[in-house]
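Residue-level structural notes
Given next are the chains, with one letter for each unit.
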Amino acid sequence: MAKRTYLVFLGVPGAGKGTQAQLLAQALEIPQISTGDIFRYNLKHETELGLLAKSYMERGELVPDAVTVRMVAERLGQPDAAQGAILDGFPRNLAQAQALDGMTAPHGGVAAVPLIRVSDEEALRRITGRRVCRTCGAVYHVEFNPPRRPGLCDLDGGELYQREDDRPETVRNRLYVYYKQTSPLIGYYFCKGLLVEIDGAQTIQAVQAELRAVLERKGVQVPQTEGTP
Ligand code: AP5
Ligand code: MG
Ligand code: ZN
């Protein structure tokens, strides 16, 4: 079977995983799969999955593994993921990481795991000013990455909104859950020789340039595209 490119993005809430994954996905022509975005989409459309995820997300807790793992397995099986995918927000604990290993093993496994490092203070500043497009999910920041027209998405003119779980109480618990459950994955992927660390405390373009440089060193070729930093 042909080798696919699977990348896993790690970093605290607000580190810039989604922002960077979106830019890289365009260049690699593989989808960005954000479990958080899939849950939010289901929430908006009031599906059974959305209603189940709601209570966990509102508290900043993880949605149960059985649900999340099945959802990712289905998503990875869709035609647009035939060459691989950028996983943004999955896995988030060891059980999910082992499940992903099983899913990707027939295709060469995970190729690299970029860890975007920022301080908790910077992450909080980024989360507070974040705005998201209701239509396409594109991510902006009122100060650091403003849309051309206030409140409207550059890509499709969709309305920008603030995520429910970006309230300060919930953000604190999301950080707690990250350190307790997700941060052990840093050691997990380090031991597999897959971890690459990126300094996230730079401009969005500079982070993207560093990301592409370290990925190339891991053997992941990133084609030059329009807007390449
Ligand atoms: P999820 O949606 O994954 O949220 P998260 O991990 O908390 O991460 P964020 O999306 O908040 O941050 P990000 O790193 O993507 O930053 P962004 O690029 O937006 O998960 C939400 C919830 O869903 C979870 O709490 C859980 O309940 C559930 N869930 C999801 N996955 C799950 C799983 N696998 N298992 C179980 N439950 C799961 O950037 C942040 C802001 O900063 C933006 O405004 C951006 O414009 C700005 N910014 C980005 N980069 C820069 C820069 N370099 N300089 C200045 N500003 C920047
Ligand atoms: Mg995100
Ligand atoms: Zn949009």
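Residues numbered from 1 in each chain as written. Chains lettered and ligands numbered in written order. Predicted model: local features only at pLDDT ≥ 70, side-chain atom pairs only at ≥ 80, totals over all residues. Heavy atoms only, no water.

This part takes up the site of ligand 1. The full set close to ligand 1 counts 35 residues, and Thr19, Glu61, Arg92, Arg130 and Arg174 are the nearest of them. Measuring from an oxygen atom of ligand 1, one finds a backbone N or O atom of Gly14 at 2.8 Å. Interatomic distance of 2.8 Å between a backbone N/O atom of Lys17 and an oxygen atom of ligand 1. In isolation ligand 1 offers 1100 Å² of accessible surface; the protein chains occlude 97% of this area. Broken down by secondary-structure element, the contributors of at least two residues to the shell around ligand 1 are α1 (17-28), α2 (35-44) and β6 (139-141). It is α2 that provides the largest number of residues to the shell around ligand 1, a total of 4 residues. (Near = heavy atom within 4 Å. Polar contact = N/O pair within 3.5 Å; in protein donor to acceptor, adjacent residues only side chain to side chain. Areas by Shrake-Rupley, 256 points an atom, 1.4 Å probe, with all protein chains shown as cover. Helix = DSSP H or I, 4+ residues; strand = E, 2+ residues; numbered from the N terminus.)

Counting residues in hydrophobic clusters, the biggest one holds 53 residues, and the most contacted among them are Leu7, Leu10, Leu24, Ile86 and Tyr189. Residue contributions to this core peak at 5 residues, all from α1. Counting residues in hydrophobic clusters, the runner-up holds 5 residues, among them Cys133, Ala138, Tyr140 and Leu160. (Core = buried A, V, L, I, M, F, W, Y, C linked by side-chain atoms within 4.5 Å. Buried < 20%, exposed > 50% of the residue type's maximum accessible area, 1.4 Å probe, protein only.)

Here we come to helix α4 (residues 65-76). Residues three or four positions apart in an α-helix share a direction because the helix packs 3.6 residues into each turn. Its 12 residues place the ends of α4 16 Å apart at the C-alpha level, agreeing with the 16 Å of an ideal helix rising 1.5 Å per residue. Those residues of α4 lying buried are Val67, Thr68, Met71, Val72, Arg75 and Leu76. Each buried residue of α4 sits inside an arc of 155 degrees when the element is viewed along its axis, so together they form one side. Of the exposed residues in α4, those oriented more than 90 degrees away from the buried face are Ala66, Arg70 and Glu74. (Expected span 1.5 Å × (residues − 1). Arc of directions from axis to C-beta.)

This part takes up the pattern of salt bridges. Summed over all chains, the structure comprises 12 salt bridges. Between Asp166 and Arg130 there is a salt bridge, with the nearest N and O atoms lying 2.9 Å from each other. With Asp166 in the loop between β7 (160-161) and α7 (168-182) and Arg130 in strand β5 (residues 130-133), this pair connects stretches of sequence that are 36 residues apart. Residue Asp166 is classed as buried on the basis of its relative accessible area, which comes to 6%. The exposure class assigned to Arg130 is buried, which follows from its relative accessible area of 13%. Each of the salt bridges in this network shares a partner with another, and the network as a whole consists of Arg130, Arg163, Asp165, Asp166 and Arg174. (Salt bridge = Lys/Arg side-chain N within 4 Å of Asp/Glu carboxyl O.)

With that out of the way, let us pick up the coordination of the zinc ion (ligand 3). In this structure, Cys133 (SG), Cys136 (SG), Cys153 (SG), Asp156 (OD) and Asp156 (OD) serve as the protein donors to the zinc ion (ligand 3), at separations of 2.3 to 2.6 Å. Cys136 sits in the partly exposed class, given a relative accessible area of 39%. (Donors = N, O, S within 2.8 Å, 3.2 Å for Na, K, Ca; no water.)

In this model, α1 (12 residues) spans 16 Å end to end at C-alpha, consistent with the 16 Å of a helix rising 1.5 Å per residue. Where burial is concerned, most of α1 is hidden: 9 out of the 12 residues are buried. Looking one or two residues beyond α1, the residue adopting positive phi is Glu29, at roughly 55 degrees.

Another point: the sheet that holds β7. With antiparallel pairing, the 3 strands of this open sheet are ordered in space as β6-β5-β7. Every interior strand has two partners, whereas the edge strands, β6 and β7, have only one. Looking at chain direction, β5 and β6 are connected through 3 bridges and run antiparallel. Residue pairing for β6: Arg131 is matched across the bridge by Tyr140. (Pairing = 2+ DSSP bridges.)

Attention now moves to the pairing of strand β4 (residues 113-117). Most of β4 is tucked away, with 4 of its 5 residues classed as buried. Here β4 runs beside strand β8 (residues 195-199); their pairing, made up of 5 bridges, is parallel. Paired with Ile116 across the two strands is Ile198, which belongs to β8.

Enumeration over the complete set of coordinates arrives at 2 aromatic pairs. With 5.1 Å between their ring centres and 85 degrees between their planes, Tyr188 and Tyr189 make a pair best called edge-to-face. Note on accessibility: Tyr188 and Tyr189 belong to one class, buried. A cation over an aromatic ring shows up here: Arg134 above the ring of Tyr161, its NZ or CZ 4.4 Å from the ring centre. (Phe/Tyr/Trp six-rings, centres within 6.5 Å; stacked < 30°, edge-to-face > 60°. Lys NZ or Arg CZ within 6 Å of the ring centre and 35° of its normal.)

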